[in-house]
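Analysis of the macromolecular model
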Amino acid sequence: MSTAEPVRHQRLVGFALDGAFEIEAAAAALPFDIRSRFSSGIALERGGGLRVWIFRFGAVVQEGADDPDPELVALVERATGRKALLDLVERLTVQVDPERAATNPRTGWDSVAVGQEDAATMGAIAMLLGQSTALERYERLVARLMESSLELVRVLAREGKTPQRAGGMAKRVGTIAEGRLELGQLFFFVDRPDEAWERADISALFDALSTAFELRERHQAVLHKLNAVESANETTLGLWFSSRGHKLEWAIVLLIVAEIVMFLAGIG
């Protein structure tokens, strides 16, 4: 009589970096063996067979720990040139139950149950955890942009005039454009991992975890807020340039009038 394999548990912890990075150069600078490459990241092996996944959209996922390892954090920061945001940390327990049907993963807010622990399965889980962690970086950025832009619009509404300097507005518009391009380029919510097209279990896992992390909804919410902030800043910036243009026009008119007056005074 065969004995059922025991249920195993594996802990994953993900932390965000302060921006995207060039992934091949970072992987080459880390003292770990490369296990596999996929669409947005690379899986590496540390001592003891534990895995680390680095993602070019600015996230790292570590296996076998509840908190980011300080030594790993220092290595990643040097290799990527990015700062680790250790207040943006997410944890996930992976329950490996051989009796569970491969295409029927069970997800919770901090756990996922799967039927096997192969490289493709763990890579898909790590990628989604990394996306959730990195997406929170954009959520915090857009919250700060909305707060500063709202204050600017309140000044405009209260005083009926734009600030004297446009540098802050122009910088915000640039930051928004950069954030929008990164969200479009680096986050693959429509494009599934390559394995998801070949394996039904990876496809089911991708769908289940995407829903659990609310990735699509959060992604759309960030883009919606970026649109609102961009519109407010562009409107204010347009008014500022219009105001400066009118002032310049009046200055030119006054100079012409002054020249005419001086000419007539000289004739007299």
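Residue positions are counted from 1 within each chain, in the order its sequence is given. Whole-chain, interface and lining totals are the exception, using all residues; otherwise, since this is a predicted model, local features are given only for residues with pLDDT of at least 70 and side-chain atom pairs are given and counted only at 80 or more. Note that the side-chain values use all heavy atoms of the structure and ignore hydrogens as well as water.

Concerning the overall build of the protein chain
Starting at the N terminus, helices and strands are each numbered in turn, a helix being any DSSP run of H or I of at least four residues and a strand any DSSP run of E of at least two. What the protein chain contains, in helices and strands, is six helices and eight strands. Taking all 268 residues of the protein chain together, 43% fall into the buried category. Residue exposure ignores everything except the shown protein chains as possible cover, and the areas themselves are Shrake-Rupley values with a 1.4 Å probe. Just so you have it, the protein chain exposes about 14,400 Å², and 56% of that area is on carbon and sulfur atoms. Summary of the burial criterion: residues with accessible area below 20% of their type's maximum are buried, those above 50% are exposed, and those between are partly exposed, where the area comes from a 1.4 Å probe applied to protein chains only.

With respect to the nonpolar core
Among buried residues, the Ala, Val, Leu, Ile, Met, Phe, Trp, Tyr and Cys ones that are joined through side-chain atoms within 4.5 Å form a nonpolar core. Core analysis: the biggest nonpolar cluster contains 29 residues, and Leu 12, Trp 53, Phe 55, Val 94, Val 112 and Ile 125 have the highest contact counts within it. Among the secondary structure elements, those contributing two or more residues to this core are strand S4 (51–55), strand S5 (59–63), strand S6 (84–96), strand S8 (111–114), helix H3 (119–159) and helix H5 (200–212). Examining the composition of this core, we find that 10 residues originate from one element, H3, more than from any other. Residues are treated as being in contact if the distance between any of their heavy atoms lies within 4.5 Å. Leave out the neighbours within four places in its chain, and Trp 53 touches Leu 12, Phe 38, Ile 42, Ala 43, Ala 59, Val 60, Val 61, Glu 63, Met 122, Gly 123 and Ala 126. Grouped together as the second largest cluster of nonpolar side chains are 22 residues, Phe 21, Phe 32, Val 73 and Leu 75 included.

Re the pairing of strand S1 (residues 8–17)
Within S1, seven of the 10 residues are buried, which leaves the element mostly enclosed by the surrounding structure. Pairing between strands is defined by DSSP: at least two bridges between them are needed. Sheet topology places S1 next to S5; five bridges connect them, and they run antiparallel. Residue pairing for S5: Ala 16 is matched across the bridge by Ala 59.

Concerning the packing of aromatic side chains
Centres within 6.5 Å make a pair out of two Phe, Tyr or Trp rings, where for Trp the six-membered ring is used; the pair is then stacked when the planes are under 30 degrees apart, edge-to-face when over 60, and tilted otherwise. Tallying each qualifying case throughout the model produces two aromatic pairs. Arranged with centres 5.3 Å apart and planes meeting at 10°, the rings of Phe 55 and Phe 57 form a pair that is stacked. Just as Phe 55 is buried, Phe 57 falls in that class too. Members of the aromatic cluster, joined through ring pairs, are Phe 38, Phe 55 and Phe 57.

Some remarks on helix H2 (residues 70–80)
Within the sequence span of H2, burial applies to Leu 72, Val 73, Leu 75, Val 76, Ala 79 and Thr 80. Take H2 and look down its axis: the buried residues cluster within an arc of 165°, on one side only. Facing away from the buried surface of H2 by more than 90 degrees, the exposed residues are Pro 70, Glu 71 and Arg 78. In this fold, the buried residues of H2 make contact with S1, helix H1 (23–29), S4, S5 and S6. Directly beyond the C-terminal end of H2, a positive phi value near 75° is found at Gly 81. The arc under discussion is defined with respect to the helix axis, by the directions toward the C-beta atoms.

Considering the sheet that holds strand S3 (residues 41–45)
Spatially, eight strands are ordered S2-S3-S4-S5-S1-S6-S8-S7 in an open sheet, and the strand pairing comes out mixed. The open sheet has two edge strands with one neighbour each: strand S2 (33–38) and strand S7 (106–107). Sheet topology note: the S4/S5 ladder contains four bridges and is antiparallel. Looking at the pairing, Phe 55 lines up with Ala 59 of S5.

Observations concerning the confidence of the model for the protein chain
pLDDT measures how confident the predictor is about each residue, on a scale from 0 to 100. Across the protein chain, the average pLDDT comes to 76, with 65% of residues at or above 70. Looking across the protein chain, the model is least confident in helix H4 (residues 167–186), with a mean pLDDT of 58, and most confident in H2, with 96. Confidence over residues 243–254 falls short of pLDDT 50; this stretch has two contacts with residues more than four positions distant or in other chains.

Observations concerning the pattern of salt bridges
Between Lys or Arg on one side and Asp or Glu on the other, a salt bridge is scored when a side-chain nitrogen of the former is within 4 Å of a carboxyl oxygen of the latter. Summed over the entire model, instances satisfying the criterion amount to 14 salt bridges. Measuring nitrogen to oxygen at the nearest pair gives 3.4 Å for the salt bridge that ties Arg 51 to Glu 117. Taken together, the positions of Arg 51 in strand S4 and Glu 117 in the loop between S8 and H3 put the pair 66 residues apart, joining distant regions of the chain. Here Arg 140 makes a salt bridge to Glu 136, at a shortest N to O gap of 3.3 Å. Here Arg 140 pairs with Glu 136, and both are found in helix H3, just four residues apart, close to one helical turn. Judged by relative accessible area, which is 32%, Arg 140 ranks as partly exposed. Here the salt bridges share partners, and the residues they tie into one network are Arg 8, Arg 51, Glu 63 and Glu 117.

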